[in-house]
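An overview of the molecular structure
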Amino acid sequence: MIIKNTNGGVNLGSKKFLSLALLMLMLISTALFGCSSGNTSEGTESGGEKEEETAKEKTLIFGRGGDSVSLDPIVVTDGESYKVTKNIFDTLVNFGEQDTEIYPGLAKEWKAAEDGLTYNFVLEEGIKFHDGTDFNAEAVVKNFERWAGGDADKFPYYGSMFGGFGDEEGHVIESVTATGDYEVEFKLKRPQAPFLKNLAMSSFGIASPTAFEKDGDKFGDNPVGTGPFKFVEWKRNDTVTLEKNADYWIEGEPKLDKVVFRSIPDNSARLNALLSGEIDLADGITPSDSKTIEGNADLQLFERPSMNVGYLGLTNTREPFDDPKVRQAMNHAIDKQAIVDAFFEGRGEVAKNPMPPVISGYNDNIEEYEYNPEKAKELLKEAGLEDGFDMELYAMPVPRPYMPDGQKVAEAIQKNLADIGVNAKIVSFEWATYLEKAAAGEADAFLLGWTGDNGDADNFLYVLLDQDNIGSNNYAYYENQELHDILIEAQTEVNEDKRNELYAKAQEIIHADAPWVPLAHSTPLLAGGKNVTNFKAHPTGSDKLSTVDLQ
Amino acid sequence: MLHYAGRRIFQLIPVLLGMTFIVFLIIRAIPGDPAQVILGQQASEEAIKALRTTLGLDNPWYIQYFEYLKGLLTGDLGESLRTRTPVVDEVWPYLAATIELSVFAIVIAVIIGINAGIISAWFQNSWFDYLAMIIALIGVSMPIFWLGLMNQWIFSIELGILPTTGRENVRDPVDVITNFYLIDTLIQGNFAQMSVVFKHLILPGTALATIPMAIIARMTRSSMLEVMRSDYVRTARSKGLKMFWVVYKHALKNAIIPVLTIIGLQMGLLLGGAILTETIFGWPGIGRYIYEAIGFRDYPVIQSGILIVAFIFVMINLIVDMLYGLIDPRIKYE
């Protein structure tokens with residue numbers, strides 16, 4: 001009633017009303033579109049004089065999901081850090097362009113002694129670090145002294161790849177000495193088969209001794225290497241900017257003048273940024289977006305060779321998975337092909353072994369457990385479980401390269417298991433909790449995966465399935481003495497053929513015991529503008545951009 | 001007034017102390033070992049053990065808490081477990097990014113929200129009123145994620161007039177002075193860059209402003225309706241004063257008090273609640289700083305981040321309370 005009165009009191013000419021409405025409109029549009037004139041869009045915003053500048057200066061903008069932790073490669077273990085450091089630092093030896101074979105790097109040649117205990121490296125001459133320090137044998141020695149003098153907390157990968165630090169018993173490297181200005185000798189306490197592959201890992205990028213002696217713990221904020229690009233600026237959580245190293249020791253490289261790594265956490269937003277031309281390359285493309293990219297004439301899709309495995313781990317110490325028959329039944333019950341088709345969008349291959357085929361030592365003779373629910377039921381019957389059982393199935397809460405959507409994969413598995421009378425309840429936890437519970441052996445079955453560090457079979461089989469790693473990365477609590485002996489023998493076997501035989505045998509044992517249901521080796525995807533040339537995605541996940549160009 | 005301000009600030013001490021304690025306890029109630037998370041899936045057991053010792057995670061919680069408080073008193077917010085950098089040294093760029101975005105958002109929300117509310121009240125039950133209130137209703141219930149991605153699609157990809165993500169054109173980065181990019185570019189007199197920075201603010205700013213704008217519009221409308229019914233407005237009207245002045249000068253002054261409270265609260269919420277917006281728009285602000293820290297169980301960062309946001313929240317409320325007195329001298333502080 002009263003309101004009506006008030007309203008009655010407010011009496012306005014329609015003219016005034018119109019002008020007010022206009023005012024509102026103006027306000028809204030000002031706020032929405034900004035009052036700036038001149039430059040139009042971001043895409044062409046580098047327009048006018050700036051466009052010329054960009055034409056002269058080739059800047060590649062690499063969009064990715066997260067920021068680096070540190071730019072000192074030896075202190076980190078995360079891929080986002082290596083993506084950047086791989087372009088600032090060189091390693092003594094390199095992986096191949098798209099594989100994990102070993103090629104010369106800062107060391108142009110090397111010789112390994114027959115017994116596998118001595119390695120002699122001959123270094124490239126005339127190379128300078130970005131700060132002007134000379135690269136020579138002394139610099140290599142100083143890097144190793146720095147690493148070996150650290151501890152597991154400071155340099156985690158050094159310890160886990162070379163068995164420890166300093167005088168520790170497990171430490172593989174006995175000494176590193178300069179035998180000439182450009183010659184370095186490594187003495188090992190015992191042969192280590194993946195030694196060269198370890199040296200090629202991004203963590204072991206050779207840093208300028210002058211710089212790390214001066215900066216100490218702060219070296220990661222101002223990294224200095226010999227790589228194709230020099231560090232310029234790091235705006236945390238936003239961008240890392242690198243510029244061309246004009247004195248790079250490889251003739252004609254790098255092609256680009258500048259590389260900017262930009263963090264855009266949301267996958268859809270990153271794709272939007274690529275579509276609008278704000279970034280040139282986008283990492284972490286969701287498989288379901290691959291069709292959008294292939295259908296767009298301005299874009300191209302890149303496939304990263306797979307070096308991972310996604311699996312359903314069965315906790316071998318928990319009933320009923322302590323019975324190999326039940327584990328084999330699980331392997332027969334799950335339709336892996338359907339899962340790969342549906343959730344990896346066909347971009348990945350079905351796994352039969354715990355490691356991907358690109359890894360040398362892969363046993364292709366293994367006959368995979370075919371999808372056969374009847375056989376699964378039979379096996380359950382033999383195990384005395386014809387009525388099935390109840391179990392908890394852990395579904396990953398986060399997407400990972402090896403598992404694009406844990407929740408959906410879990411649902412598919414749940415349905416497969418229901419067909420053989422197994423009642424799986426899907427549970428999920430926040431990621432850190434998930435890993436912790438799985439590591440503690442609290443899960444009946446859990447989805448998980450692994451991306452290789454150095455392209456060596458040991459990095460899959462020993463790390464994931466050896467009894468030494470129960471409580472850490474052997475989440476399945478799988479234990480087999482015979483397998484353990486083989487894996488340990490393979491660690492010191494330097495003869496490549498003999499080593500591969502050992503790994504072939506190891507995969508047979510694992511196949512028979514069926515501690516997991518291996519699901520897939522996924523193919524991570526990237527996308528880029530059509531103008532990006534010569535980009536080759538590396539299986540390790542960190543790409544050297546020295547040969548990449550922009551047309 | 002000064003006395004009142006002093007007392008209010010003094011009262012903040014137990015509030016902030018309580019806050020540190022609650023935050024501390026909650027964070028430690030989350031399962032998950034920070035050492036494991038920091039070192040990642042690939043870490044060895046020894047490495048994890050070593051890190052736990054270095055981080056002091058082996059100590060009982062009350063010792064950790066007192067260590068933390070002791071640090072706070074000396075202006076030490078602790079060291080990020082992830083980057084090993086003192087929080088004090090690394091927090092400012094994130095905080096500045098969020099403040100810039102929030103201030104921009106609140107300005108939009110206030111200008112549009114208050115005016116929409118006033119006009120709705122003025123022309124109650126008109127088509128504008130209905131439209132504005134429907135839009136406000138949609139605004140409150142709109143998921144920011146969806147809105148943000150839709151806006152990117154329309155304004156960046158289809159129309160190509162606004163950038164999708166980030167704070168600047170990374171091909172032509174801003175030289176950082178204060179970390180408020182609008183101010184930085186202004187100081188440098190680089191107006192081309194300033195307009196670019198401004199454009200980057202628009203999409204995340206409007207996404208962030210949507211909810212407060214809607215709330216402010218509704219609050220203004222109902223507050224205005226009440227005031228417009230009062231005798232003095234009728235008197236002013238009968239004196240023949242122009243309606244515009246009646247509304248914007250006389251009525252607004254009285255109607256604004258509850259709206260101010262809402263603005264204060266919303267401003268505080270913006271600071272803490274920018275996580276989604278900052279994720280979609282790749283905005284390197286404090287919301288994402290805290291969010292990433294949660295993923296890494298980076299206790300000192302989570303603690304300090306929440307504490308800083310809470311502190312600002314409390315300060316804004318204090319300022320709002322002070323403003324009451326300036327706007328309406330009848331309000332006396334006891």
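Above: the structure in question.
Everything in this summary refers to the structure shown in the same document. (Residues numbered from 1 in each chain as written. Chains lettered and ligands numbered in written order. Predicted model: local features only at pLDDT ≥ 70, side-chain atom pairs only at ≥ 80, totals over all residues. Heavy atoms only, no water.)

Quick look at the environment of His538 of chain A
Residue and element names in this part refer to chain A. Within the fold, His538 resides in the loop between β20 (532–533) and β21 (549–550). Owing to a relative accessible area of 5%, His538 belongs among the buried residues under this scheme. When the C-alpha atoms of His538 and Phe95 are compared, they prove to be 9.1 Å apart, with 443 residues separating the residues in sequence. Other than its neighbours up to four places away in sequence, His538 contacts Phe95, Gly96, Glu97, Gln98, Asp99, Arg304, Pro305 and Asp543. Of note is the side chain of His538, whose polar atom sits 2.9 Å from the backbone oxygen of Gly96. (Helix = DSSP H or I, 4+ residues; strand = E, 2+ residues; numbered from the N terminus. Buried < 20%, exposed > 50% of the residue type's maximum accessible area, 1.4 Å probe, protein only. Contact = heavy atoms within 4.5 Å. Polar contact = N/O pair within 3.5 Å; in protein donor to acceptor, adjacent residues only side chain to side chain.)

Brief notes about the layout of surface pockets
Space inside the second largest pocket adds up to approximately 920 Å³. Around the second largest pocket, the lining comprises 38 residues; the ones closest to its centre are Gly159, Ser160, Met161, Gly163 and Tyr462 of chain A. Of all the secondary structure elements, the ones that give two or more residues to the lining of the second largest pocket are α6 (156–162), α16 (458–465) and α17 (481–492) of chain A together with α3 (45–55) of chain B. Among the elements that line the lining of the second largest pocket, the one with the most residues is α6 of chain A, at six residues. Its residues placed into classes, the lining of the second largest pocket shows 14 nonpolar, 16 polar and eight charged. (1 Å grid on protein atoms, 1.4 Å probe; cavity = no way out; pocket = protein on both sides within 12 Å on 5 of 7 lines; lining within 4 Å. Points joined across faces, edges and corners; volume = space filled by probe spheres on them. Nonpolar A, V, L, I, M, F, W, Y, C, P; charged D, E, K, R; others polar.)

Some remarks on the packing of helix α5 (residues 87–122) of chain B against helix α14 (residues 299–327) of chain B
Residues and elements named next belong to chain B. Where α5 meets α14, the axes come as close as 11 Å, and the angle between the chain directions of the two elements is 50 degrees. Viewed along their axes, α5 and α14 adopt a mutual orientation that is oblique. Of the two possible hands of crossing, α5 and α14 adopt the one that is right-handed. From α5, Val87, Glu90, Val91 and Leu95 reach across to α14, where they touch Pro300, Val301, Ser304, Ile308 and Ile312. Partitioning the contact of α5 with α14 into residue classes produces seven nonpolar, one polar and one charged. (Axes fitted to C-alpha atoms, helices over the stretch in contact; angles between N-to-C directions. Parallel < 35°, antiparallel > 145°, perpendicular 65-115°, else oblique. Left-handed = near helix turned anticlockwise from the far one by under 90°.)

A short note on unusual backbone geometry
Residue and element names in this part refer to chain A. Each neighbour pair has its own omega, and for Glu253 with Pro254 the value is -10 degrees, a cis peptide bond. Tracing the chain through its elements places Pro254 in the loop between β9 (239–244) and β10 (258–263). Cis geometry marks the peptide bond from Glu319 to Pro320; its omega dihedral reads -5 degrees. Structurally, the position occupied by Pro320 is in the loop between β13 (308–314) and α11 (324–333). The phi dihedral of Tyr477 falls on the positive side, at around 55 degrees, and the residue is not glycine. With respect to the helices and strands, the residue Tyr477 is situated in the loop between α16 and α17. Phi at Asn534 is positive, roughly 65 degrees, even though this residue is not glycine. Here Asn534 lies in the loop between β20 and β21.

Overview of the sheet that holds β10 of chain A
Read across the open sheet, the seven strands follow the order β8-β9-β10-β1-β11-β19-β12 (chain A); overall the sheet is mixed. Where the open sheet ends on each side, the last strands, each with one partner, are β8 (229–235) and β12 (299–303) of chain A. (Pairing = 2+ DSSP bridges.)

Here's the deal with the packing of aromatic side chains
Ring pairs (aromatic) are described by centroid distance and by the angle formed between their planes. All names here are of chain A. Taken as a whole and judged by the stated rule, the model has 38 aromatic pairs over all chains. Judged by centre distance (6.5 Å) and plane angle (15 degrees), the ring pair of Tyr119 and Phe121 falls under stacked. Each ring, one from Phe302 and one from Phe535, has its centre 4.8 Å from the other, and the planes form 70 degrees; the classification is edge-to-face. Of this pair, Phe302 sits in strand β12 while Phe535 sits in the loop between β20 and β21, and the two are 233 residues apart along the sequence. Phe535 shares its class with Phe302; the two are buried. By way of ring pairs, the aromatic residues Trp110, Tyr119, Phe121, Phe144, Trp147, Tyr158, Phe162, Phe165, Phe186, Phe195 and Phe204 are connected into one cluster. Taking the ring centre of Phe212 as reference, the NZ or CZ of Arg146 above it sits at 4.8 Å. (Phe/Tyr/Trp six-rings, centres within 6.5 Å; stacked < 30°, edge-to-face > 60°. Lys NZ or Arg CZ within 6 Å of the ring centre and 35° of its normal.)

Some points on a nonpolar patch on the surface
Residues and elements named next belong to chain B. Taken together, the side chains of Phe21, Leu25, Trp61, Tyr62, Ile63 and Phe66 define a hydrophobic patch exposed on the protein surface, amounting to about 580 Å² of accessible area. Among the secondary structure elements, those contributing two or more residues to the nonpolar patch are α1 (2–29) and α4 (61–73). The element that contributes the greatest number of residues to the nonpolar patch is α4, accounting for four residues. Mapping Tyr62 onto the fold places it in helix α4. (Patch = residues over 30% accessible without salt bridge, like charges linked within 9 Å, V, L, I, M, F, W, Y side chains within 5 Å. Areas by Shrake-Rupley, 256 points an atom, 1.4 Å probe, with all protein chains shown as cover. Salt bridge = Lys/Arg side-chain N within 4 Å of Asp/Glu carboxyl O.)

Observations concerning the pattern of salt bridges
All names here are of chain A. The tally for this structure, following the rule as stated, stands at 30 salt bridges over all chains. Between Arg347 and Glu294 there is a salt bridge, with the nearest N and O atoms lying 3.2 Å from each other. Here Arg347, found in the loop between α12 (336–343) and β14 (348–350), pairs with Glu294, found in helix α10 (residues 290–294); they are 53 residues apart in sequence, far enough to count as distant. The residue Asp543 makes a salt bridge to Arg304 at a minimum N-O spacing of 2.8 Å. Taken together, the positions of Asp543 in the loop between β20 and β21 and Arg304 in the loop between β12 and β13 put the pair 239 residues apart, joining distant regions of the chain. By relative accessible area, Asp543 is classed as buried at 2%.

A short note on the nonpolar core
All names here are of chain B. Core analysis: the largest hydrophobic core is formed by 95 residues, its most contacted members being Ile114, Met224 and Ile286. The element best represented in this core is α5, accounting for 18 residues. Residue contacts for Met224: discarding those within four places in its chain leaves Ile118, Ala121, Val247, Ala251, Leu252 and Ala255. (Core = buried A, V, L, I, M, F, W, Y, C linked by side-chain atoms within 4.5 Å.)

What to know about the pairing of strand β18 (residues 516–522) of chain A
Residues and elements named next belong to chain A. Burial within β18 is extensive, with seven of its seven residues counted as buried. Pairing geometry for β13 and β18, over four bridges, is antiparallel. Counted as the bridge partner of Tyr311 is Pro518 from β18. As defined by bridge partners, β14 adjoins β18 across three bridges and the pair is classed as antiparallel. Its bridge partner being in β18, Gly348 is matched across the sheet by Ser522.

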